[in-house]
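Listed below, chain by chain, are the residues.
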Amino acid sequence: MSKYMQLFQGTSFSSKSPTEIQVLTDCLYCINADGMIERVVAPEDTEYQSLLDTYQGSDSFHRLEEGQYFLPGFVDLHVHAPQWAQSGTALDIPLYDWLNTYTFPLESKFSDLGFAQKVYEDLVSTLLANGTTTALYFATVHKEASLLLAEICAGKGQRGLVGKVVMDDPEQNPDYYRDADTSTALMDTEAFIIAVKELAKTTKQGVYPVVTPRFIPSCTDAGLKGLGKLAAKYDTYVQSHCSESDWAHGHVKDRFQKNDAFALHDFGLLRDKSVMAHCNFLDDQDAELFADTGTAIAHCPISNAYFANSVIPVARFHAHNVEIGLGSDLSGGFSPSLFDNIRQAVMSSRMLEDGVNTSLPAAERGVPKSRITVHEAFYLATAGGGECLSLPIGRIQKNYVWDVQVIDTRLPSAKLPIFDELEDVQDIFQKIMYLARPEHIREVWVQGEKVHSR
Ligand code: GUN
Ligand code: FE
């Protein structure tokens, strides 16, 4: 009897630290029945050949071909699942108008379970095909459709963390799209948490309920307080939007005479399992509160270019030891690909560092020390995301889950510009980061199970 469920052979890239890549050349990855990496065996190790002899030729042995590499599956920390239906459109007006003109009317349609099923099935398959093995989702205010999203993640093998969105303030939300009242919002949230915890028992990869006040402007004080209590009672994840735009940040300051971070904290919503989207306008005290409470930031670089009126100072927040991961923010961000968001994270940080207004002298134009490298952006999309969620995901190493994507750099129809005479393996990594498209992702595995191939 073989000891391991699967044995993989090939070269992998994974983060050693936020700034450095670990390259494991032609290693063996031994996966146990729980889908965990039990051992990584290097070619120079004594057991390498005997493991190969045992597994080669069996169905549980998988060897990468020349030009193929393992990357960790991506962790997308911020996805509005219903907004997939409008991705790539509606990016022409500011956040407040965008929500009321396009987004709330769209999300209200998810009372229709047939429509929800069509959009959610397509989204989860698309994200898996883009290498996203774990996703933190906002669904809609509808309890049933939110549960349906969790069921679809469970069925397709994605690690989905799903929130039924709460918008309980009748003064701030349209009558056609909100919770009936505060107590209904809290009862629905509690029933949703219990149902997803039950569903999770039927999955290998896990699905998780998330307490989800949309953002402070859409919720009453009583709603926010009740949600903080539910998060503590069930020890759940929490997600919301925090200090995203001039308008959203200013709204909270007017209402509470304090920043979002401290207002959310007052309601018990900043916890080790909290992930707050955007956070562009956090000041140093807010950042310290995030670090102290273990609250993480979902950095959404594409969306920020449209709605956040700013570039987030990622490097400054990292210096405060705040946990940061990457989010697509579909559909505020148009792309379902975290490769695209990695690229935008790097480019935006360079523009922040250098500045953009050429009527100013170069020395006054930007914010020094703001740039992040592509290695750091990759870290945000993988290991950083895993740390934000306190899950053993996002790295290819012992005691982490086998969540990987297989990248094929030699696809005949989309070959990457890799020329053996020149190549350093670090350069191959960078070419994958900048040039990979979904067609290069040949296989995706979650918790030791294949969930996508092409
Ligand atoms: N703030 C409140 N709701 C949303 C949303 O759906 N997208 C973004 N980007 N910001 C929000
Ligand atoms: Fe968002």
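The structure we're discussing is the one just above.
Everything quoted here is computed from the prediction, not taken from an experiment.

Asks: Please clarify how unusual backbone geometry should be interpreted in this entry.
Replies: Residues apart from glycine generally show negative phi values, whereas peptide bonds are mostly found in trans. The step from Leu330 to Ser331 runs through a cis peptide bond, and the omega angle for that step is 0°. Within the fold, Ser331 resides in the loop between strand S14 (323-326) and helix H12 (338-354). Despite not being glycine, Cys279 has its phi angle at roughly 65°, a positive value. Counting through the fold element by element, Cys279 comes out in the loop between strand S12 (274-278) and helix H9 (284-293). Looking at Cys279, the relative accessible area reads 0%, which means it is buried. Phi is positive for Asp329, which is not a glycine, with a value near 50°.

Asks: Got a minute to help me understand the pairing of strand S5 (residues 68-72) in this structure?
Replies: One face of the sheet, then the other: side chains in a regular strand alternate in exactly this way. The buried fraction of S5 is high, at five of five residues. The alternating pattern of S5 places Gln68, Phe70 and Pro72 and Tyr69 and Leu71 on opposite faces, both of which are buried. In the sheet, S5 pairs with strand S15 (residues 404-408) via five bridges, with the strands oriented antiparallel. Its bridge partner lying in S15, Leu71 is registered against Gln405.

Asks: Looking at this model, I keep getting lost on the nonpolar core. Mind explaining?
Replies: In summary, soluble globular proteins display a tendency toward joint burial of nonpolar side chains. Counting residues in each nonpolar core, the largest one holds 62 residues, and the members touching the most others are Leu71, Phe290, Ile297, Phe339, Ile432 and Met433. Considering each element in turn, this core owes the most residues, seven residues, to helix H14 (residues 374-388). In contact with Met433, other than residues within four places in its own chain, are Leu71, Phe339, Ile342, Arg343, Val374 and Phe378. Membership of the second largest hydrophobic core comes to 29 residues, among which are Ala81, Val124, Leu128 and Val196.

Asks: Which parts of the structure should I look at to understand the side chain of Gln6?
Replies: If you trace the backbone, Gln6 turns up in strand S1 (residues 6-17). The buried category is assigned to Gln6, whose relative accessible area is 13%. Among the polar contacts made by the side chain of Gln6, one reaches the side chain of His62 at a distance of 2.7 Å. Among residues more than four places away in sequence, those in contact with Gln6 are Tyr29, Cys30, Ile31, Ser60, His62, Trp445 and Gly448.

Asks: Got a minute to help me understand the coordination of the iron ion (ligand 2) in this structure?
Replies: Ideal geometry at a metal centre gives angles of 109.5 degrees when four donors are arranged tetrahedrally and 90 or 180 degrees when six donors are arranged octahedrally. Only His78 (NE2), His80 (NE2), His241 (NE2) and Asp329 (OD) from the protein coordinate the iron ion (ligand 2), and they sit 2.1 to 2.3 Å from it. One way to put it: the four donor atoms around the iron ion (ligand 2) meet at angles of 85 to 177°, and that makes the site irregular. Mapping the donors of the iron ion (ligand 2) onto the primary sequence gives the spacing H-x1-H-x160-H-x87-D. For His78, a relative accessible area of 1% translates into the label buried. For His80, a relative accessible area of 3% puts it in the buried group.

Asks: Explanation requested: the packing of aromatic side chains in the structure shown.
Replies: Aromatic ring pairs: the centre-centre distance and the angle between the two ring planes describe each pair. A complete count under the given rule lists 20 aromatic pairs for this structure. Between Phe8 and Phe70 the ring centres are 6.0 Å apart and the planes differ by 85°, which places this aromatic pair in the edge-to-face class. Highlighted residues: Phe8 in strand S1 and Phe70 in strand S5, separated in sequence by 62 residues. Considered together, Phe8 and Phe70 belong to a single accessibility category, that of buried residues. Arranged with centres 5.8 Å apart and planes meeting at 70°, the rings of Phe256 and Phe267 form a pair that is edge-to-face. Here the residue Phe256 occupies a position in helix H7 (residues 246-256), and Phe267 occupies one in the loop between helix H8 (260-266) and S12, the gap between them amounting to eleven residues. A relative accessible area of 18% places Phe256 in the buried class. A network of ring pairs unites the aromatic residues Phe8, Tyr29, Phe70, Trp402 and Trp445 as a single cluster.

Asks: Can you help me understand empty space enclosed by the protein in this one?
Replies: Empty space among the atoms can be located by rolling a probe the size of a water molecule over them. Applying the stated rule across the entire model yields four cavities of 30 Å³ or more. In this structure, the largest cavity spans a volume of roughly 100 Å³. Top element by residues in the lining of the largest cavity is helix H2 (residues 95-108). It accounts for three residues. The volume enclosed by the second largest cavity comes to roughly 90 Å³. With four residues, the top contributor of residues to the lining of the second largest cavity is H2. Residue composition of the lining of the second largest cavity, by class: six nonpolar, four polar and no charged.

Here is what the cut-offs are and how they apply
Residues numbered from 1 in each chain as written. Chains lettered and ligands numbered in written order. Predicted model: local features only at pLDDT ≥ 70, side-chain atom pairs only at ≥ 80, totals over all residues. Heavy atoms only, no water. Helix = DSSP H or I, 4+ residues; strand = E, 2+ residues; numbered from the N terminus. Buried < 20%, exposed > 50% of the residue type's maximum accessible area, 1.4 Å probe, protein only. Pairing = 2+ DSSP bridges. Core = buried A, V, L, I, M, F, W, Y, C linked by side-chain atoms within 4.5 Å. Contact = heavy atoms within 4.5 Å. Polar contact = N/O pair within 3.5 Å; in protein donor to acceptor, adjacent residues only side chain to side chain. Donors = N, O, S within 2.8 Å, 3.2 Å for Na, K, Ca; no water. Tetrahedral: all angles 85-135°; square planar, octahedral: opposite > 155°, others 65-115°. Phe/Tyr/Trp six-rings, centres within 6.5 Å; stacked < 30°, edge-to-face > 60°. 1 Å grid on protein atoms, 1.4 Å probe; cavity = no way out; pocket = protein on both sides within 12 Å on 5 of 7 lines; lining within 4 Å. Points joined across faces, edges and corners; volume = space filled by probe spheres on them. Nonpolar A, V, L, I, M, F, W, Y, C, P; charged D, E, K, R; others polar.

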